[in-house]
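Listed below are the residues making up each chain.
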Amino acid sequence: MGKEIWVVALLLSQALLLPIAQAAELHTERISGSAGDVLEDDPVGRLKVFVYNLPRKYNKKMVDKDSRCLTHMFATEIFMHRFLLSSAVRTLDPEEADWFYTPVYTTCDLTPGGHPLPFKSPRIMRSAIQYVAMNWPYWNRTDGADHFFVTPHDFGACFHYQEETAIQRGILHLLKRATLVQTFGQRNHVCLKEGSITVPPYAPPQKMQAHLVSPSTPRSIFVYFRGLFYDVNNDPEGGYYARGARASVWENFKSNPLFDISTDHPPTYYEDMQRSVFCLCPLGWAPWSPRLVEAVVFGCIPVIIADDIVLPFADAIPWEEIAVFVAEKDVPSLDTILTSIPAEVILRKQRLLANPSMKQAMLFPQPAQAGDAFHQILNGLARKLPHDRRVYLKPGEKVLNWTAGPIGDLKPW
Amino acid sequence: MFHSHGTRRSNAAARSSASGGLEGGGVGSPAASSASEGSSFRPSASTFWLLLHGLCCLISLFLGFRFSRLIFVLLFSNTIYTYTTTTTTTITSTRTETLTVSFPLTHTPPIETAVKPNNSALELSDKMSNQGSSHSQVVVGRHGIRIRPWPHPDPTEVMRAHRIIERVQQEQRKWYGVKSPRPLIVITPTYARTFQALHLTGLIHCLRNVPYPVTWIVVEAGGVTNETASLLARSRVQFLHIPFHEKMPVEWAERHLTENRMRLLGLRVIRERNMDGIVLFADDSNVHSLDLFDEIQKVQWMGSVSVGILAHSGGPDRTLLTEDEKLNPPIPVQGPACNSSGHLIGWHTFNSIPYSEKSATFVGESATVLPGKMEWSGFVFNARMIWKEAEDGRPEWVKDLDKIGENGEEIESPLALVNDASFVEPLGDCGKKVMLWWMRVEARADSKFPPGWIIDPPLEIVVPAKRTPWQESDDLAGSKLEQDDRRFTRPKSRSSSKRKNTLPGQDN
């Protein structure tokens, strides 16, 4: 009896080895990060989210006032709300919920030019939290530790576009215990909280799909970049913008035929990315940019030039194996660095990028699809469960100081 | 608070950036003073900085804004940041406001150096911060723009990058390109004439870029000549140079027929040697796109692609089109025509009626050269189709090659090779994609050209004529004239009695 089982096991293992050997010949490769092979996990059944019903002035009224909020790179907050309302993880019974979501759009106050103004955002957030704390008991139960918020602005919940001011403000005090879902991520930075979930910025998926070319188009551009090198309006001499890294790229490589870099924005921008081997993703005023999403979708290896950056879903996606990281001080030798990467490493990175689950994880399609960024956020939240016992406050215990922060924030909204 | 030093900075920007190093100092001190206003736990330090600021203002009254900071560099320079241009750094730890320390750089030339951490500043901030949390290595504020001493491409690196690109493209072809590509056999009829080097060079470069193995059969009218042989020898394409016993006639109609016979000769060579692959007819004056070679890999037995006909003479014949032709311009494409379900139903041919009176009859005549009814270059087929032994799968609708032309009839188009033309496969998205273009550009039949395009013996030195378009250039500018002649590389229309060829730079 035992011998037969061994024989069967041997045969089975042989049968299993064959497909593995064949899989090695595929043009994609499986992705598993530090949290394991989690990109294709299904969050349904692993967590329950309760969506607070806030008055219109916190969400819908803002979108109605300015519909540009739906297309700019901060639209994540709006689409996350819409996704959760119709998702299978949503529960209408708050007693069984693991996480609570507050749908407040803090990045929808736009200038005529389309840039979001962060000046009222702390007050809006405060007002939303006060509303939630007054109408439901769940905030005070944990002082917000099982609540999550989407704060996609430049420096997350520091609510300012200028880094020095953002650092000075710090993260809004009331969000001290909550989980933040944000695009900003930089190690040892005030505005990145422990336990935050970094997400990619919103990039419209249909626009990118419309510009796909055949994958047999030969990649003939070595390095590609389109964008500003000097921000002439705000930093004419250079040195502040991008910590001088973009200016350094320009000055060192403007005459190099391998580098197709310019400030010109051609109509074939997406097609050109698909014809490039490397796409530069240097920092700007903030370390993150939609270029990363575009590079991943178009199969161009991202070259990240942003010291200490935390990339989206860093525990699910092994970015060191996919992207090339260049320290800002090494920018003058960027050509040496890129040309000395062995060809097998480059081909492997391209195989990882060709994996469709990788591309899906960077996108926010409407309606949501399996494995997309919405699901990765839920997976991230599910990995943080179960909540620590100590999160639940004893009756009468208070951790948050409701009067902390700059005086201007305390004005009601 | 920080808006104030923003304006300060823009004022500084307005001045010359020669001593840009000291401009950073100006940014530092108002921030320092504001820092002192914000923090309240080191009053002695804040008053010290306030006094310092006042002193700087006084000095700048006398010496100018920039030099005040220079004094302090000379007095207090212990550890200095070395950047290529200038630096001010604001070091921040997690939740506390720290002092801003500024050590502006003066006049070191741009060098690529590593950043030396400013230990004293870090220690200061360590003392001031209550929490001992980790410090970010990334600092906010103004950074230098690092430029290496020779910011130009290095040839070895460029070559390495090209190898990488080649490898990437090879991999792309492996995954997304044609699986198991077949070799190509290209048949080209040619003969030695002025424009041959022009046409053949283009074709050679095209064939060298084709990513599949190519065997090139060159049939030359009038026998093998040194001209053609030398071009082929330098081509680095695998070729077979076949002589054809007749000379190329001057009349276009005769030429088309002779070319057809040359192509048949090429086909017979393939048959004799049992060469395998896909047969393509590339006339030397045609222009091919590389997509064509990928597309024809799809052919099973015989396929047809669309050929763009570029028959314009470029002359003053503007009244060629009639009124309704102007509304529906004739499409100059020859190729397969399909119905809506993608099946071949017929052929688009070039409408030569508008040109019938004005077409060229002999080579070199300045009129429109018309293509034949059905150009051979639009057809490709599997070499096995013309093999002697009927290979397994060779269809019955193919005629045996030996039977063609045995009665002396002329072969007009490759459709004569088959019994039933409906079996021809339409390629290139059913003919919608045009991937090659037919045109005939030839010089006069009696035009001379240097053999092998080598000028030997070299031309004599020519003295340019004194009479130039510039009438005022008399003895006053006599020497100037010679200098001008030396400078001008292209001789303008000189009114010289004798016209000699001049090479650039070989003037007086």
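Residues numbered from 1 in each chain as written. Chains lettered and ligands numbered in written order. Predicted model: local features only at pLDDT ≥ 70, side-chain atom pairs only at ≥ 80, totals over all residues. Heavy atoms only, no water.

1. Describing the overall build of chain A
Move 1: The helix and strand tally for chain A stands at 15 helices and 10 strands.
Move 2: By the burial criterion, 57% of the 413 residues in chain A qualify as buried.
Move 3: When contacts within chain A are restricted to residue pairs at least 6 apart in sequence, long-range pairs at least 24 apart make up 72% of them.
Move 4: If you sum the accessible surface of chain A, you get close to 17500 Å²; carbon and sulfur atoms cover 58% of it. (Helix = DSSP H or I, 4+ residues; strand = E, 2+ residues; numbered from the N terminus. Buried < 20%, exposed > 50% of the residue type's maximum accessible area, 1.4 Å probe, protein only. Contact = heavy atoms within 4.5 Å. Areas by Shrake-Rupley, 256 points an atom, 1.4 Å probe, with all protein chains shown as cover.)

2. Describing the sheet that holds strand β5 (residues 197-198) of chain A
Residues and elements named next belong to chain A.
Move 1: A sheet is described by the order of its strands in space; here five strands give the open sequence β1-β2-β3-β4-β5, paired in parallel fashion. Edge positions in the sheet fall to β1 (49-51) and β5, since each has one partner strand and no second.
Move 2: In this sheet, β5 lies alongside strand β4 (residues 179-182) in parallel orientation, the contact comprising two bridges. The residue of β5 that forms the bridge with Gln182 is Thr198. (Pairing = 2+ DSSP bridges.)

3. Describing a nonpolar patch on the surface
Residues and elements named next belong to chain B.
Move 1: Side chains of Leu55, Leu58, Leu61 and Phe62 sit close together on the surface and give an oily, nonpolar patch of about 490 Å² of accessible area.
Move 2: Position of Leu61 among the secondary structure elements: in helix α3 (residues 43-63).
Move 3: Owing to a relative accessible area of 65%, Leu61 belongs among the exposed residues under this scheme. (Patch = residues over 30% accessible without salt bridge, like charges linked within 9 Å, V, L, I, M, F, W, Y side chains within 5 Å. Salt bridge = Lys/Arg side-chain N within 4 Å of Asp/Glu carboxyl O.)

4. Quick word on the sheet that holds strand β9 (residues 301-305) of chain A
Residues and elements named next belong to chain A.
Move 1: Here we have five strands laid out as an open sheet, ordered β7-β6-β8-β9-β10, and parallel in their pairing. Only two strands of the sheet have a single neighbouring strand rather than two, namely β7 (259-262) and β10 (324-325).
Move 2: Bridge analysis of β9 against β10 gives two bridges, and the strand direction is parallel. Residue pairing for β10: Val303 is matched across the bridge by Val324.
Move 3: With respect to the sheet, helix α13 (residues 343-354) is in contact with β8 (276-282), β9 and β10, its orientation differing from that of β9 by roughly 105°. (Axes fitted to C-alpha atoms, helices over the stretch in contact; angles between N-to-C directions.)

5. Some details on the pattern of salt bridges
Residues and elements named next belong to chain B.
Move 1: All chains considered together, the criterion is met by 35 salt bridges over all chains.
Move 2: Glu259 is the partner of Arg255 in a salt bridge, and the nearest nitrogen-oxygen pair spans 3.3 Å. Of the two residues, Arg255 and Glu259 both sit in helix α9 (residues 252-273), four residues apart, roughly one turn of that helix.
Move 3: Using a relative accessible area of 2% as the deciding quantity, one classes Arg255 as buried.
Move 4: Exposure remark for Glu259: the relative accessible area of 5% places this residue in the buried category.

6. As for helix α7 (residues 196-208) of chain B
Residues and elements named next belong to chain B.
Move 1: Spanning 13 residues, α7 covers 18 Å between terminal C-alpha atoms, matching the ideal 18 Å at 1.5 Å per step.
Move 2: For α7, the complete set of buried residues consists of Gln196, Ala197, His199, Leu200, Leu203, Ile204, Cys206 and Leu207.
Move 3: Those residues of α7 that are buried are in contact with β3 (184-190), β4 (214-221), α8 (226-233), β7 (287-288) and α10 (290-295). (Expected span 1.5 Å × (residues − 1).)

7. Things to note about the pairing of strand β10 (residues 333-338) of chain B
Residues and elements named next belong to chain B.
Move 1: The element β10 is extensively covered by neighbouring structure, given that five of its six residues are classed as buried.
Move 2: Pairing analysis gives four bridges linking β10 to strand β11 (residues 344-348), with the strands arranged antiparallel. Bridge pairing in β11 links Cys338 to Leu344.
Move 3: Remark: five residues form the turn of the hairpin made by β10 and β11, two consecutive strands paired antiparallel; Gly342 in that turn has positive phi of roughly 90°.

8. Structural notes on helix α3 (residues 76-85) of chain A
Move 1: A large share of α3 of chain A lies buried, amounting to eight of its 10 residues.
Move 2: Of the residues making up α3 of chain A, those classed as buried are Thr76, Glu77, Ile78, Phe79, Met80, His81, Phe83 and Leu84 of chain A.

9. A word on the interface of chain A and chain B
Size of an interface: often given as the accessible area lost when the parts come together.
Move 1: At the interface, 56 residues of chain A touch 45 residues of chain B.
Move 2: Summed over both sides, the interface between chain A and chain B buries roughly 4400 Å², with carbon and sulfur atoms accounting for 58% of that surface.
Move 3: If you sort the residues of chain A by the area they bury against chain B, Glu164, Glu237 and Tyr240 of chain A come out on top, with a joint share of 14%.
Move 4: Residues Asp335 of chain A and Arg148 of chain B are paired through a salt bridge, measuring 3.1 Å at the closest nitrogen-oxygen approach.
Move 5: Here chain A is connected to chain B by 14 residue pairs in polar contact (both at pLDDT 80 or more).
Move 6: When residues of the side of chain A that touches chain B are traced back to their parent elements, those giving at least two are α6 (163-169), α8 (245-253), α12 (334-339) and α13 of chain A. (Buried area = accessible area lost by both parts, 1.4 Å probe. Polar contact = N/O pair within 3.5 Å; in protein donor to acceptor, adjacent residues only side chain to side chain.)

10. Focus on the state of the cysteines
Cysteine pairs can be linked by a disulfide, which is a covalent bond between their two sulfur atoms.
Move 1: Taken as a whole, this structure holds four disulfides over all chains when the rule is applied.
Move 2: Disulfide pairing is shown between Cys158 of chain A and Cys191 of chain A; the S-S distance is 1.9 Å. With the S-S dihedral at roughly -115°, the linkage between Cys158 of chain A and Cys191 of chain A falls on the left-handed side. With Cys158 of chain A in the loop between β3 (147-150) and α6 and Cys191 of chain A in the loop between β4 and β5, this pair connects stretches of sequence that are 33 residues apart. An identical accessibility class is assigned to Cys158 of chain A and Cys191 of chain A; each is buried.
Move 3: The side chain of Cys338 of chain B participates in a disulfide bridge whose partner is Cys430 of chain B; the two sulfur atoms lie 1.6 Å from each other. Between Cys338 of chain B and Cys430 of chain B, the S-S dihedral sits near -110°, and the bridge is therefore left-handed. Placement of Cys338 of chain B in strand β10 and of Cys430 of chain B in helix α12 (residues 428-431) is noted, with a sequence separation of 92 residues between them.
Move 4: The exposure class assigned to Cys338 of chain B is partly exposed, which follows from its relative accessible area of 23%. (Disulfide = S-S within 2.5 Å.)

11. Describing the side chain of Thr198 of chain A
Move 1: For Thr198 of chain A, the location among the structural elements is in strand β5.
Move 2: If we skip the residues at most four places from it in the chain, Thr198 of chain A touches Gln182, Thr183, Phe184, Gly185, Val310, Leu311, Pro312 and Phe313 of chain A.

12. Some points on unusual backbone geometry
Most peptide bonds take the trans form, and the phi angle of most residues other than glycine is negative.
All names here are of chain A.
Move 1: With omega at -5°, the peptide bond leading from Gln366 into Pro367 counts as cis.
Move 2: Inspection of the secondary structure assignment puts Pro367 in the loop between α14 (356-361) and α15 (373-383).
Move 3: Backbone torsion omega between Leu385 and Pro386 reads -5°, so that peptide bond is classified as cis.
Move 4: Unlike most non-glycine residues, Asp143 shows phi in positive territory, near 55°.

13. Describing the confidence of the model for chain B
Residue and element names in this part refer to chain B.
Move 1: Residues of chain B with pLDDT of at least 70 account for 61%, and the chain-wide mean is 71.
Move 2: Here residues 1-40 scores under 50 on pLDDT; set against residues more than four positions off or in separate chains, the count is 48 contacts.
Move 3: Confidence over residues 78-133 falls short of pLDDT 50; this stretch has 96 contacts with residues more than four positions distant or in other chains.
Move 4: Scoring of the predicted complex yields 0.68 for pTM and 0.86 for ipTM. (pLDDT = per-residue confidence, 0-100.)

14. Some words on the packing of α13 of chain A against helix α6 (residues 155-176) of chain B
Move 1: At their nearest, the axes of α13 of chain A and α6 of chain B sit 10 Å apart, and the two run at 45° to each other. In terms of orientation, α13 of chain A lies oblique with respect to α6 of chain B. Where α13 of chain A crosses over α6 of chain B, the handedness of that crossing is right-handed. Contacts between α13 of chain A and α6 of chain B involve Ala343, Ile346, Leu347, Gln350 and Arg351 of chain A on the former and, on the latter, Ile164, Arg167, Val168 and Glu171 of chain B.
Move 2: Taken together, the residues of the contact of α13 of chain A with α6 of chain B break down into five nonpolar, one polar and three charged. (Parallel < 35°, antiparallel > 145°, perpendicular 65-115°, else oblique. Left-handed = near helix turned anticlockwise from the far one by under 90°. Nonpolar A, V, L, I, M, F, W, Y, C, P; charged D, E, K, R; others polar.)

15. Observations regarding the packing of aromatic side chains
Move 1: Per the stated rule, a full pass over the model turns up 31 aromatic pairs over all chains.
Move 2: When the centroid spacing of 5.4 Å and the interplanar angle of 55° are considered together, the rings of Phe225 of chain A and Phe229 of chain A count as tilted. Phe229 of chain A matches Phe225 of chain A in its accessibility class, with the two residues each being buried.
Move 3: Taking 5.7 Å as the distance between ring centres and 25° as the angle between the ring planes, the aromatic pair formed by Phe449 of chain B and Trp453 of chain B counts as stacked.
Move 4: Classification of Trp453 of chain B as partly exposed rests on a relative accessible area of 47%.
Move 5: Feature note: the residues Phe50, Tyr52, Tyr58, Phe100, Tyr131, Trp136, Tyr138 and Trp413 of chain A constitute an aromatic cluster, connected by ring pairs. (Phe/Tyr/Trp six-rings, centres within 6.5 Å; stacked < 30°, edge-to-face > 60°.)

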